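Here's the letter readout for the chains.
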Amino acid sequence: MKIGIDKIGFNTSSYYLDLTDLANARGVDPNKYLIGIGQEKQAVVLPTQDIVTMGTMAADQMLTDADRQTITTVIVATESGIDNSKASAIYVKTLLGLGDFVRTIEFKEACYAGTAAIQAAKGLVSANPEEHVLVIAADIARYGLNTPGEVTQGGGAVAMLVTANPRILSIEGPSVPITRDVMDFWRPLGKTEAIVDGKYSTNVYIEMFLEAFKRYQELTDDDLTDFTALAFHLPFTKMGKKALEALLGDEDSLIAEKLRAQLTASQILNRKVGNLYTGSLYLSLISLLINGELAAGEKIGLFSYGSGAEGEFYTVTLQAGFETAFDKDLIESNLETRTKISVAEYEAIFNSQLGMNSEDIELNLDNDISKFRLTGIQNQKRIYTKK
Ligand code: COA
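Residues numbered from 1 in each chain as written. Predicted model: local features only at pLDDT ≥ 70, side-chain atom pairs only at ≥ 80, totals over all residues. Heavy atoms only, no water.

Trainee: Outline the UniProt feature "binding site: (3S)-3-hydroxy-3-methylglutaryl-CoA" (unreviewed entry) in the protein, supporting the account with residue identities and numerical values.
Mentor: The positions UniProt marks with the feature "binding site: (3S)-3-hydroxy-3-methylglutaryl-CoA" (unreviewed entry) are Asp29, Tyr143, Lys242 and Asn275. Of the residues annotated just before, the second largest pocket has Tyr143, Lys242 and Asn275 among its lining. Structurally, Tyr143 can be placed in the loop between β6 (133-141) and β7 (154-164). When residues no more than four places from it in sequence are discounted, the contact partners of Tyr143 are Gly149, Glu150, Thr152, Gln153, Phe185, Glu193, Ala194, Val196, Asn275 and Tyr277. (UniProt positions renumbered as here; feature names shortened; annotations may be inferred. 1 Å grid on protein atoms, 1.4 Å probe; cavity = no way out; pocket = protein on both sides within 12 Å on 5 of 7 lines; lining within 4 Å. Helix = DSSP H or I, 4+ residues; strand = E, 2+ residues; numbered from the N terminus. Contact = heavy atoms within 4.5 Å.)

Set out below in structure tokens:
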């Protein structure tokens with residue numbers, strides 16, 4: 001039985017910051033951001049949006065009424081949790097209008113958790129083909145104003161429906177998970193911004209990718225020509241280039257050139273959104289599905305990485321008709337119609353996030369036209385509305 005991604009959707013903020021403006025404000029050559037880091041625009045998330053509202057919207061746009069009747073499990077993968085106890089998936093379940101006979105849970109391991117959720121979903125469907133598992137990978141990447149990580153912020157959510165007989169891609173085996181206990185990026189309890197050793201993190205990422213890929217090859221005898229593309233977790237798009245070049249070196253064979261071109265296709269959407277932690281690999285996969293040179297039956301290698309650190313290399317196979325099984329136009333038009341804001345506006349929004357605040361607050365909804373919104377906090381409870 002084939003198991004995999006039957007539907008995929010994406011949502012991000014309707015506001016963005018142009019990184020040339022940020023470079024000018026920070027006294028940096030814009031090419032450092034555009035070329036050196038590989039980012040052009042950054043999603044700026046309003047205080048009335050969070051992982052629940054963005055994740056719900058990503059799912060709402062792709063689910064039919066019939067889908068809502070058949071979903072059995074909702075897993076939200078995030079490192080931007082809104083409660084230490086209650087799973088954000090419960091709020092998502094309510095906003096999506098799902099029935100009560102559903103399993104709802106939250107997964108955490110930095111940017112890796114989306115992949116853990118996909119593998120768990122595959123296991124559930126494998127045990128019971130009637131399972132329809134909604135996986136949402138949603139995050140807001142925050143490093144702080146005037147920090148080296150600032151240019152790699154962003155936010156958004158990818159929603160995926162994992163079922164038997166999927167229309168987009170099947171998840172294959174074997175997969176290679178890999179864990180090392182390192183402190184390259186973490187967010188202690190009570191802090192709203194991550195602490196990061198960015199260069200160390202980049203090096204650990206590359207080492208773990210090479211190790212996982214090598215082990216995958218030992219287990220399968222696959223070589224590069226077995227892949228039509230390799231897609232990566234992209235905290236910033238240059239990271240994918242660094243990882244792929246670490247594998248290819250100066251190889252200029254046809255397959256090496258093809259993998260480089262497919263990588264460029266897989267970076268296009270991420271360049272315009274920035275980091276969305278758990279969702280970044282899957283936004284890159286969407287970018288590849290839209291912009292890559294792909295055909296049904298071809299195999300894509302995916303490398304997932306979460307600081308701390310855990311990685312996984314696994315493969316997916318494209319299904320016949322995959323290109324019409326998701327709403328490419330909606331994803332692209334949602335990005336094109338975003339509103340550009342100034343650096344001053346971005347800084348004001350950054351500083352007005354709810355953060356760890358637990359006092360009663362009613363948020364100003366004037367600038368947020370989204371269908372799902374966080375309206376504030378009452379008695380230490382987050383209040384969401386649906387238009
Ligand atoms: N034109 C073109 N490229 C330029 C440039 C210019 N004018 N100025 C600098 N660059 C290049 C540098 O050569 C460097 O390229 P390289 O990485 O290929 O060597 C790149 O821009 C970044 O510059 P650098 O000064 O090395 O980086 P930084 O100190 O500003 O930090 C990060 C970059 C990514 C480490 C930092 O943004 C960060 O910590 N981000 C968050 C953590 C993260 O995303 N970790 C990833 C693993 S999950």
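Right, picking up where we left off after that structure.
Trainee: Talk me through the pairing of strand β17 (residues 372-378); I want residue IDs and the actual numbers.
Mentor: Within β17, 6 of the 7 residues are buried, which leaves the element mostly enclosed by the surrounding structure. Of the strand pairs in this sheet, β17 and strand β18 (residues 381-386) are connected by 6 bridges, and their pairing is antiparallel. Counted as the bridge partner of Arg373 is Thr385 from β18. Turn length for the β17-β18 hairpin, with the two strands adjacent in sequence and antiparallel, is 2 residues, and the turn residue Asn379 shows positive phi of about 50 degrees. (Buried < 20%, exposed > 50% of the residue type's maximum accessible area, 1.4 Å probe, protein only. Pairing = 2+ DSSP bridges.)

Trainee: Can you tell me about the packing of helix α8 (residues 237-248) against helix α9 (residues 254-273), naming the residues and giving the values?
Mentor: Following both chains from N to C, one finds α8 and α9 inclined at 165 degrees, their axes separated by 9 Å at the closest point. Considering their axes alone, α8 and α9 lie roughly antiparallel with respect to each other. α8 and α9 meet at a crossing whose hand is right-handed. Residues Thr237, Gly240, Lys241, Leu244, Glu245 and Leu248 of α8 form the contact with α9, whose participating residues are Ala256, Leu259, Arg260, Leu263, Gln267, Asn270 and Arg271. (Axes fitted to C-alpha atoms, helices over the stretch in contact; angles between N-to-C directions. Parallel < 35°, antiparallel > 145°, perpendicular 65-115°, else oblique. Left-handed = near helix turned anticlockwise from the far one by under 90°.)

Trainee: Go over the UniProt feature "domain: Hydroxymethylglutaryl-coenzyme A synthase N-terminal" (unreviewed entry) in the protein, please, and point to the residues and values.
Mentor: As recorded in UniProt, the sites labelled "domain: Hydroxymethylglutaryl-coenzyme A synthase N-terminal" (unreviewed entry) are residues 3-164. Each end of residues 3-164 is marked by a C-alpha atom, and these two atoms are 4 Å apart; helix forms 35% of the span and strand 28%.

Trainee: A description of the site of the ligand should follow, citing residues and the corresponding values.
Mentor: Within the structure, the ligand sits among 18 residues, and Asp29, Lys32, Pro148, Lys238 and Lys242 are positioned closest to it. Within the side chain of Asp29, a nitrogen or oxygen atom sits 2.9 Å from a nitrogen atom of the ligand. When isolated, the ligand has an accessible area of 970 Å², and the protein chains bury 71% of it. Per element, the largest residue contribution to the shell around the ligand is 4 residues, and it comes from helix α2 (residues 30-37). When the residues that make up the shell around the ligand are grouped by side-chain class, the tally is 7 nonpolar, 6 polar and 5 charged. Structurally, the shell around the ligand is a two-domain feature, drawing no fewer than three residues from each of domain 1 (3-168 + 326-386) and domain 2 (171-324). (Near = heavy atom within 4 Å. Polar contact = N/O pair within 3.5 Å; in protein donor to acceptor, adjacent residues only side chain to side chain. Areas by Shrake-Rupley, 256 points an atom, 1.4 Å probe, with all protein chains shown as cover. Nonpolar A, V, L, I, M, F, W, Y, C, P; charged D, E, K, R; others polar. Domains from an automatic or database assignment.)

Trainee: Summarise the domain arrangement of the protein; cite the residues concerned and give the values.
Mentor: With domains assigned, the protein is organised as domain 1 (3-168 + 326-386) and domain 2 (171-324). Each of domain 1 and domain 2 was reduced to a C-alpha centroid, and the two centroids are 20 Å apart. Contact residues are listed per partner, giving 61 residues for domain 1 and 52 residues for domain 2. Summed over both sides, the interface between domain 1 and domain 2 buries roughly 4,500 Å², with carbon and sulfur atoms accounting for 58% of that surface. Summed over the shared surface of domain 1 and domain 2, the number is 3 salt bridges. In this structure, Lys272 engages Glu336 in a salt bridge whose closest nitrogen and oxygen atoms are separated by 3.5 Å. Our count for the contact surface shared by domain 1 and domain 2 stands at 29 residue pairs in polar contact (both at pLDDT 80 or more). Of the residues in the side of domain 1 that touches domain 2, the class split is 28 nonpolar, 21 polar and 12 charged. (Buried area = accessible area lost by both parts, 1.4 Å probe. Salt bridge = Lys/Arg side-chain N within 4 Å of Asp/Glu carboxyl O.)

Trainee: Tell me what's going on with the nonpolar core, and back it up with residues and numbers.
Mentor: Ranked by internal contacts, the top residues of the largest apolar core, which has 45 residues, are Phe10, Ile118 and Val158. Summarising the domain contributions, this core has at least three residues from each of domain 1 (3-168 + 326-386) and domain 2 (171-324). Those residues in contact with Phe10, other than ones at most four positions away along the chain, are Ala58, Gln61, Ala157, Val158, Val273, Leu276, Leu283, Ile286, Ile331 and Leu335. (Core = buried A, V, L, I, M, F, W, Y, C linked by side-chain atoms within 4.5 Å.)

Trainee: Account for helix α12 (residues 343-351), with residues named and values stated.
Mentor: If you check which residues of α12 are buried, you get Val343, Tyr346, Ile349 and Phe350. For α12, the angular spread of buried residues about the axis comes to 125 degrees, placing them on one side. Structural note: α12 exposes Ala344 and Asn351 on the side pointing more than 90 degrees away from its buried face. Lining the buried residues of α12 we find β2 (15-18), α1 (19-26), β3 (41-43) and β15 (339-341). (Arc of directions from axis to C-beta.)

Trainee: Break down helix α3 (residues 51-60) for me, citing the residues and quoting the values.
Mentor: Within α3, 10 of the 10 residues are buried, leaving the element largely enclosed by the surrounding structure. Of the positions making up α3, those classed as buried are Ile51, Val52, Thr53, Met54, Gly55, Thr56, Met57, Ala58, Ala59 and Asp60. Measuring from the backbone nitrogen of Val52 back to the side-chain oxygen at the start of α3 gives 2.9 Å, which picks out Asp50 as the cap.

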